[in-house]
Amino acid sequence: MNEYNIYCDESCHLPNDNADLMVIGGVTCPKEKAEHINKAIRDIKERYGVYKFAEIKWTKVSASKCDMYKELVNLFFDNSYLNFRAVVALKKSKLNLEKFGLTHDDWYQRIYFLTLREMIDIGNKYNVYVDIKDTKGSEKIDTLKNILNNVTSNYFYEETVKNIQLVRSDQIQLLQLADLLIGAVSYKNRGLKENKAKIELIKQIEQRAGRSLDFNSPKDETKFNVFKWQPREA
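Calculation rules
- Residues numbered from 1 in each chain as written.
- Predicted model: local features only at pLDDT ≥ 70, side-chain atom pairs only at ≥ 80, totals over all residues.
- Heavy atoms only, no water.
- Helix = DSSP H or I, 4+ residues; strand = E, 2+ residues; numbered from the N terminus.
- Buried < 20%, exposed > 50% of the residue type's maximum accessible area, 1.4 Å probe, protein only.
- Contact = heavy atoms within 4.5 Å.
- Areas by Shrake-Rupley, 256 points an atom, 1.4 Å probe, with all protein chains shown as cover.
- 1 Å grid on protein atoms, 1.4 Å probe; cavity = no way out; pocket = protein on both sides within 12 Å on 5 of 7 lines; lining within 4 Å.
- Points joined across faces, edges and corners; volume = space filled by probe spheres on them.
- Nonpolar A, V, L, I, M, F, W, Y, C, P; charged D, E, K, R; others polar.
- Core = buried A, V, L, I, M, F, W, Y, C linked by side-chain atoms within 4.5 Å.
- Lys, Arg positive; Asp, Glu negative; His and termini not counted.
- Salt bridge = Lys/Arg side-chain N within 4 Å of Asp/Glu carboxyl O.
- Polar contact = N/O pair within 3.5 Å; in protein donor to acceptor, adjacent residues only side chain to side chain.
- Axes fitted to C-alpha atoms, helices over the stretch in contact; angles between N-to-C directions.
- Parallel < 35°, antiparallel > 145°, perpendicular 65-115°, else oblique.
- Left-handed = near helix turned anticlockwise from the far one by under 90°.

## Examining the overall build of the protein
Moving on, step 1. Helices and strands together make up the secondary structure of the protein, namely 7 helices and 6 strands.
Moving on, step 2. For the protein, with 234 residues in total, the buried portion stands at 51%.
Moving on, step 3. Across the protein, every contact between residues at least 6 apart in sequence was considered, and the portion connecting residues at least 24 apart equals 74%.
Moving on, step 4. As displayed, the protein offers around 11600 Å² of accessible surface, 45% of which is attributable to carbon and sulfur atoms.

## As for the layout of surface pockets
Moving on, step 1. A volume near 450 Å³ is recorded for the largest pocket.
Moving on, step 2. Taken together, 24 residues form the lining of the largest pocket, with Arg85, Glu118, Met119, Glu221 and Thr222 sitting closest to its centre.
Moving on, step 3. Listed by contribution, the elements that provide at least two residues to the lining of the largest pocket are strand E3 (83-90), helix H3 (104-117) and strand E6 (224-229).
Moving on, step 4. A per-class count over the lining of the largest pocket returns 10 nonpolar, 7 polar and 7 charged.

## Quick word on the nonpolar core
Moving on, step 1. Of all hydrophobic cores here, the largest spans 48 residues; its most connected members are Phe84, Leu174, Leu180, Val185 and Phe224.
Moving on, step 2. Among the secondary structure elements, those contributing two or more residues to this core are strand E2 (21-30), helix H1 (34-47), helix H2 (66-78), E3, helix H6 (173-189), helix H7 (196-209) and E6.
Moving on, step 3. For this core, the element with the most residues is H6, which contributes 10 residues.
Moving on, step 4. Not counting chain neighbours up to four residues away, the residues in contact with Val185 comprise Val23, Phe84, Ala86, Val88, Leu213, Phe224 and Val226.
Moving on, step 5. Grouped together as the second largest cluster of nonpolar side chains are 20 residues, Ala89, Trp107, Ile111 and Leu116 included.

## Regarding the side chain of Glu55
Moving on, step 1. Of note, Glu55 is situated in the loop between H1 and H2.
Moving on, step 2. Look at Glu55: it is buried, it has no salt bridge, and the nearest opposite charge is Lys57 at 4.2 Å.
Moving on, step 3. A distance of 2.4 Å separates polar atoms of two side chains, one belonging to Glu55 and the other to Ser169.
Moving on, step 4. Residues contacting Glu55, with those up to four places away along its chain left out, are Lys45, Lys60, Ser169, Asp170 and Gln176.

## Things to note about the packing of H1 against H2
Moving on, step 1. Close contact between H1 and H2 brings their axes to 10 Å; oriented N to C, the two are set at 160 degrees. Judged by the angle between their axes, H1 and H2 are roughly antiparallel. Note on packing geometry: the crossing formed by H1 with H2 is right-handed. Taken together, the residues of H2 that come into contact with H1 (itself represented by Ile37, Ala40, Ile41, Ile44, Lys45 and Arg47) are Met68, Glu71, Leu72 and Leu75.
Moving on, step 2. Its residues placed into classes, the contact of H1 with H2 shows 7 nonpolar, no polar and 3 charged.

Below is the structure:
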């Protein structure tokens with residue numbers, strides 16, 4: 001039985017943020033390799049004159065540091081044991097949550113579960129680390145634990161997912177790497193083109209992944225998997 005860490009983040013997750021999609025995703029890393037990758041990310045930062053504990057994230061991608069972010073992308077693809085999955089939830093404006101007796105948070109939790117479900121194999125053990133986004137973070141984590149318990153009759157969470165924990169992204173390098181990849185998926189699927197460095201980085205990710213970030217990946221793709229979801233009403 002192997003043990004893995006999953007580092008999760010999200011983009012455009014608020015109900016009224018002027019984006020008609022939400023992206024939830026995460027990077028999976030064997031627990032025994034996590035510190036090695038965290039150190040490798042810190043080393044890359046220092047080579048480019050960035051303080052090793054400064055936070056890297058998609059919103060900071062710029063022409064002056066584009067080469068550093070490209071090296072971080074290569075770090076992900078060059079290490080075969082690192083995997084990524086993202087769910088792109090489209091057409092937030094078309095959601096009819098009241099029809100199904102759901103709140104925005106209920107829907108958010110379902111997309112989170114949809115993301116994690118395909119990242120977890122029964123027989124292994126997982127620690128899930130979720131970036132703190134707002135004051136409701138601990139409440140959302142408790143709800144997510146309950147969903148995992150209810151859906152799998154307690155087996156999934158108790159035996160497979162050992163722990164789901166809120167953490168700060170500025171303290172964990174792998175969580176920052178997850179933010180970078182999720183940001184790229186979100187930017188591509190929103191059709192944004194203003195930042196040339198971000199477009200260049202997206203092209204590199206697509207070249208390494210072997211497909212466009214705005215298409216569904218084959219179901220058996222585990223290295224870089226993107227799944228696009230939309231409401232029935234759409």
